[in-house]
Amino acid sequence: MTLRALQIRLGFAALVIAAAMALVAIPNFVSSPSNVRNIVLAPTFWPYTLTGLTALTGALLLFTGWRVDPAILLDEEDAAKPGAWLRLIALAAIMVATMQAMPILGMPLTCMAAFAATAFLFRTRHPIVALICTVAVPLVLYAFFAHVAGVAVPQGDLIRLP
Amino acid sequence: MSLLDSLAAGLNTVASVEAFLALFVGICIGVIGGAIPGLSATMAVALTLPFTFSMAPITGILLLLGVYKGGIFGGSIPAILIKTPGTPASSATILDGHPLAERGEAGRALGMALWASCTADLISNLALILFAGWLASFALSFGPPEFFALILFSLTIIAGVSGDSLLRGALSALLGLLLATVGLDLVYGTNRFTLGNPNLMGGLNFIAVLIGLFAIPEIIAMARNPTAHLGRARSLGGTRVSFADYRKSFRSIVRGSFIGVFLGSIPGIGAAPSAFLSYSEARRRSPDRENFGKGEIEGVAASEAGNNGVAGATLIPLLALGVPGDVITAIIIGAFMVHGLQPGPMMFVLNVDIIYGLFIGLIVSSVFLFVVGSVAIRGFRFIAEVPKRILMPTVLVLCVYGVFAVNNNVFDVGVMFAMGWVGYLMMRARIPVAPFLIAFILGPLLEDNFRQSMLMSGSDPAILLRGPITWFFWALTILTIIGIARSVGRKLAV
């Protein structure tokens, strides 16, 4: 990708974010009393100020994007491996499942499942080590946080660890 | 009582095996606690506090101070090795520490972190001893307008951590400032972007945002390309920090230490902004500024000096005025009170033996930190040798436990995951995350102090220029902005 393309895309993105904030998010999701004596003390003042600055930055990104030499290429980054999108979606699904499963399975069991799924997703070359770590890492962390740090680690409905 | 008499009284109080053993054990606990992401130095101090109740006052307080100092250094270990800061204070260390680890020079980065930490710790302790009274009275003259001017100046450090593009850094900072507005409004108590969710009323948890921005994107990037790391040297490496490295970074270390001392003596600022400010100043003045962010050893030194410089100085307002400088010293003040001690000016009269005993203990703590830190670096070296496709799932699980432990709240784990995707998108769009984080830290402070100033003055903006302290910081801000504009102008001309 060229530097020009990046700057222009970011400029547009910043303008869209600013428009969404000014037209949708702030009017609908920031409550402000009607009897505010001075505008600088209103709860909406700071968000509107930041939104204005975001729009200004977006405009400047667009302006500098148009001015920059179109031949300048960005440094190469690691190319995506085949199936990258599928793996990214799978990782997002693991994260969502972790959140959903935690109240039911408890943190240690959920983390064991998340560890195994992630190691499988990354196609580890050390499956035996991964299997041992799948059980050992969440248990060791449970022991530390529950018994040393005194954190009330969620246990879930299936197994209750000591 | 003369200084020599006071020192003798202090030595008499502290000269026991138990006191120094407590200090040593405290540093060990702190280093381990700091090295576990999510546990943090604050939690380590809080967990150690009940063990001090049955100890002699000086022994208990030295144990807590040891945990505090060890915790601040310990945070740099995972920051360098796995890009997950153990404490918020070590966020800036990631910027150059992790690239060094990726190059197979983790041992050098950790060594420099230790040397810089110990030097800054010593300078901070000496500053505490020499300037406790004077600096504390100066800090007391800070009101909301002065804080606003100081934080506005601190925001200019974003220019130093923006990497290639100042505009992308500014966009990142603005997004961080916008995210910091989530929660209840300070003045009217109304909802801002809480979407009816009570979990959002207190704003987003800082640790969840921090870990989400730095650690989770690495895991997501690994899903995109699980073999990208193959062929790259990633180990502790044979290289160690050399005296030449230390000499080269010495100015940045001393400068960072003084920045830490200054910011630490002002209650409420904390170690993270100090580390970023120190890093930014080091980058601005270094002849190798182009290497910053790519694995520059001076960057590690400056960040660590900045955050460790705060450690001794936060005790200045605590001991001299009875005002805690940060959350950790607020916990430590509890230990003083449990032992029937009231920090403040009268303590220098009534308990001078304890004050000077603490000073002596603090000086010794720098030596202990060096010893414990050297062993810890070797002890944690196995992390650098773990295969990355085993390490990343481990980091994921560690982050889940660590973020949950901060508030015992599953919602924070969700925030961490969400911020992880935000961080990944920013990484792909080449938007630096450090300005986002700095703005997220400083945003609420900036807004609160601005609005408090407006409330004080009846919305008269002249209050923001009310005295020499505000003039000083406004002048610094303007000078820095002029410097940034000139540097951008030079770049455009080239």
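Cut-offs and rules
- Residues numbered from 1 in each chain as written.
- Chains lettered and ligands numbered in written order.
- Predicted model: local features only at pLDDT ≥ 70, side-chain atom pairs only at ≥ 80, totals over all residues.
- Heavy atoms only, no water.
- Helix = DSSP H or I, 4+ residues; strand = E, 2+ residues; numbered from the N terminus.
- Rg over C-alpha atoms; globule rule 2.2 N^0.38 Å.
- Buried < 20%, exposed > 50% of the residue type's maximum accessible area, 1.4 Å probe, protein only.
- Contact = heavy atoms within 4.5 Å.
- Buried area = accessible area lost by both parts, 1.4 Å probe.
- Salt bridge = Lys/Arg side-chain N within 4 Å of Asp/Glu carboxyl O.
- Polar contact = N/O pair within 3.5 Å; in protein donor to acceptor, adjacent residues only side chain to side chain.
- Nonpolar A, V, L, I, M, F, W, Y, C, P; charged D, E, K, R; others polar.
- Patch = residues over 30% accessible without salt bridge, like charges linked within 9 Å, V, L, I, M, F, W, Y side chains within 5 Å.
- Areas by Shrake-Rupley, 256 points an atom, 1.4 Å probe, with all protein chains shown as cover.
- Phe/Tyr/Trp six-rings, centres within 6.5 Å; stacked < 30°, edge-to-face > 60°.
- pLDDT = per-residue confidence, 0-100.

## A word on the overall build of chain B
Here is step 1 of the chain: Along the backbone of chain B there are 23 helices and two strands.
Here is step 2 of the chain: Taken over C-alpha atoms, the radius of gyration comes to 22 Å for chain B, in line with the 23 Å a tight globule of 494 residues would show.
Here is step 3 of the chain: Projected onto the principal axes, the alpha-carbon positions of chain B cover approximately 65 × 60 × 50 Å.
Here is step 4 of the chain: The buried share among the 494 residues of chain B stands at 64%.

## Digging into the environment of Phe120 of chain A
Here is step 1 of the chain: Summarising the element assignment, Phe120 of chain A is placed in helix H4 (residues 107-121).
Here is step 2 of the chain: Counting along the chain gives 88 residues from Phe120 of chain A to Ser32 of chain A, while the straight-line C-alpha distance between them is 49 Å.

## Things to note about the interface of chain B and chain A
Here is step 1 of the chain: Contact residues are listed per partner, giving 64 residues for chain B and 75 residues for chain A.
Here is step 2 of the chain: Buried surface at the junction of chain B and chain A, both sides included, amounts to about 6,200 Å², of which 76% is carbon and sulfur.
Here is step 3 of the chain: Seen at the junction of chain B and chain A, the total is zero salt bridges.
Here is step 4 of the chain: Connecting chain B to chain A are 12 residue pairs in polar contact (both at pLDDT 80 or more).
Here is step 5 of the chain: Listing elements by their share of the side of chain B that touches chain A, those giving two or more residues are helix H9 (166-179), strand S2 (191-192), helix H11 (216-224), helix H20 (388-407), helix H21 (410-428) and helix H22 (433-457) of chain B.
Here is step 6 of the chain: It is H20 of chain B that contributes the most residues to the side of chain B that touches chain A, 13 residues altogether.
Here is step 7 of the chain: Looking at the side of chain B that touches chain A residue by residue, the classes come out as 43 nonpolar, 11 polar and 10 charged.

## Quick notes on a nonpolar patch on the surface
Here is step 1 of the chain: On the surface, Leu23, Val24 and Phe29 of chain A together with Leu195 of chain B cluster together into a nonpolar patch covering about 420 Å² of accessible area.
Here is step 2 of the chain: For Phe29 of chain A, the location among the structural elements is in helix H1 (residues 3-29).
Here is step 3 of the chain: On the basis of relative accessibility, which here comes to 37%, the residue Phe29 of chain A falls in the partly exposed class.

## Focus: H11 of chain B
Here is step 1 of the chain: Within H11 of chain B, eight of the nine residues are buried, leaving the element largely enclosed by the surrounding structure.
Here is step 2 of the chain: Restricting attention to buried positions, one finds in H11 of chain B the residues Ile216, Pro217, Glu218, Ile219, Ile220, Met222, Ala223 and Arg224 of chain B.
Here is step 3 of the chain: Packing partners of the buried residues in H11 of chain B comprise helix H3 (84-105) and H4 of chain A together with helix H6 (91-102), helix H10 (206-214), H20 and H21 of chain B.

## Some remarks on the packing of aromatic side chains
Residues and elements named next belong to chain B.
Here is step 1 of the chain: For the structure on display, the rule yields 17 aromatic pairs over all chains.
Here is step 2 of the chain: Relative to Tyr246, the ring of Trp115 lies with its centre 5.2 Å away and its plane at 70 degrees, an arrangement referred to as edge-to-face. Remark: Tyr246 occurs in helix H12 (residues 243-264) and Trp115 occurs in helix H7 (residues 106-140); sequence separation between them is 131 residues.
Here is step 3 of the chain: Owing to a relative accessible area of 24%, Trp115 belongs among the partly exposed residues under this scheme.

## As for the confidence of the model for chain B
Close inspection of predicted coordinates is inappropriate for parts of the model with low pLDDT.
Here is step 1 of the chain: Taken residue by residue, chain B gives an average pLDDT of 83. The fraction at 70 or more is 90%.
Here is step 2 of the chain: When pLDDT is averaged over each element of chain B, H21 of chain B comes out on top at 93 and helix H19 (residues 381-385) of chain B at the bottom at 66.

## Examining unusual backbone geometry
Residues and elements named next belong to chain B.
Here is step 1 of the chain: Within the chain, Leu195 stands out as a residue other than glycine whose phi angle is a positive 55 degrees.
Here is step 2 of the chain: Tracing the backbone shows Leu195 in the loop between S2 and H10.
Here is step 3 of the chain: Since its relative accessible area comes to 59%, Leu195 is described here as exposed.
Here is step 4 of the chain: Backbone geometry places Asn408, a non-glycine residue, at a positive phi of 55 degrees.
Here is step 5 of the chain: Take Asn408: it is sitting in the loop between H20 and H21.

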